[in-house]
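Descriptive analysis of the structure
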Amino acid sequence: MKKWFPSWPVTIVLFLIWILLNQSLDASTLLIAAVLGWFGPYITRRLRPLQAKARLVPVIVPLTLHILWDIFISNLAVAVVILGGQARRQRSGFIQIPLDLQDPHGQSVLAGIVTAIPGTVCAGFSDDRRMMTLHVLDLRDEGAWIRLIKARYERPLMEIYES
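Residues numbered from 1 in each chain as written. Predicted model: local features only at pLDDT ≥ 70, side-chain atom pairs only at ≥ 80, totals over all residues. Heavy atoms only, no water.

**Notes on helix H6 (residues 142–161)**
With 20 residues, H6 extends 26 Å from end C-alpha to end C-alpha; this agrees with the ideal 28 Å at 1.5 Å per step. Roughly 35° is the biggest bend found in H6, and it falls at Glu154, with proline Pro156 one to four residues downstream. When we look at burial in H6, the residues that qualify are Ile146, Ile149, Lys150, Tyr153, Glu154, Pro156, Leu157, Ile160 and Tyr161. The inward-facing, buried residues of H6 contact helix H3 (60–83), strand S1 (93–98), helix H5 (104–116) and strand S3 (131–136). Among the residues of H6, the N-terminal cap falls to Asp141, whose side-chain oxygen and the backbone nitrogen of Gly143 are separated by 3.2 Å. (Helix = DSSP H or I, 4+ residues; strand = E, 2+ residues; numbered from the N terminus. Expected span 1.5 Å × (residues − 1). Bend = angle between axes of the 7 residues up to and from the residue. Buried < 20%, exposed > 50% of the residue type's maximum accessible area, 1.4 Å probe, protein only. Contact = heavy atoms within 4.5 Å. Polar contact = N/O pair within 3.5 Å; in protein donor to acceptor, adjacent residues only side chain to side chain.)

**Observations regarding the sheet that holds S3**
Read across the open sheet, the three strands follow the order S1-S3-S2; overall the sheet is antiparallel. Of all strands in the sheet, those bounded by a partner on one side alone are S1 and strand S2 (120–125). Neighbour-to-neighbour, the strand axes of the sheet open up by a mean angle of 30°, direction not taken into account. On top of the sheet, H5 reaches S2 and S3; it is set at about 150° to S2, its chief contact. Packing of H6 onto the sheet brings it into contact with S1, S2 and S3, and relative to S1 it is tilted by some 50°. (Pairing = 2+ DSSP bridges. Axes fitted to C-alpha atoms, helices over the stretch in contact; angles between N-to-C directions.)

**Observations concerning unusual backbone geometry**
At Gln23, a position not held by glycine, the phi torsion is positive, near 50°. Turning to its location among the elements, Gln23 is positioned in the loop between helix H1 (8–22) and helix H2 (27–44). A relative accessible area of 73% means that Gln23 is categorised as exposed. The phi angle at Arg129 is positive, at roughly 60°, despite the residue not being glycine.

**Details of the pattern of salt bridges**
Scanning the entire structure with this criterion turns up five salt bridges. Residue Lys150 pairs with Asp100 through a salt bridge whose shortest N-O separation is 3.2 Å. Placement of Lys150 in helix H6 and of Asp100 in the loop between S1 and H5 is noted, with a sequence separation of 50 residues between them. In this structure Asp100 comes out as partly exposed when scored by relative accessible area, which is 48%. Asp141 is paired through a salt bridge with Arg147; the nearest N and O atoms lie 4.0 Å apart. You can call Asp141 partly exposed: its relative accessible area is 38%. With relative accessibility at 54%, the residue Arg147 sits in the exposed group. (Salt bridge = Lys/Arg side-chain N within 4 Å of Asp/Glu carboxyl O.)

Below, the structure written as structure tokens:
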């Protein structure tokens, strides 16, 4: 079964995206959605030699809520920085965050999370992937940022990808 349907979640997402893009539930749209949903993951399965081993754990819900809350709060904080004086804009900087998370898929998700939150951008990883460089728009306390990223995002991702 896994050979013919390598990724059910991707199949379902592709199916739904096609229906939403076409805004139709007629037979031809459903047929094409089904073919694309099956064919996409099937044809690209060999392009991913390293398969993700994510687990559905209870930590996913709090992690998602933290991300949504942080996006909301960060939007407000970025607005304050932008609307504030010149002094507020001069506190940006780069920090190095040591990583315990070693799964490449988990690291990609971590980079996506911090980049999705306004005011922070993942600027890259060290060659050995043990350090992540993060750019912060309003950098006051480097240690606080490191503790926040590790506790709020890295630990739950380790539970999801490495347990």
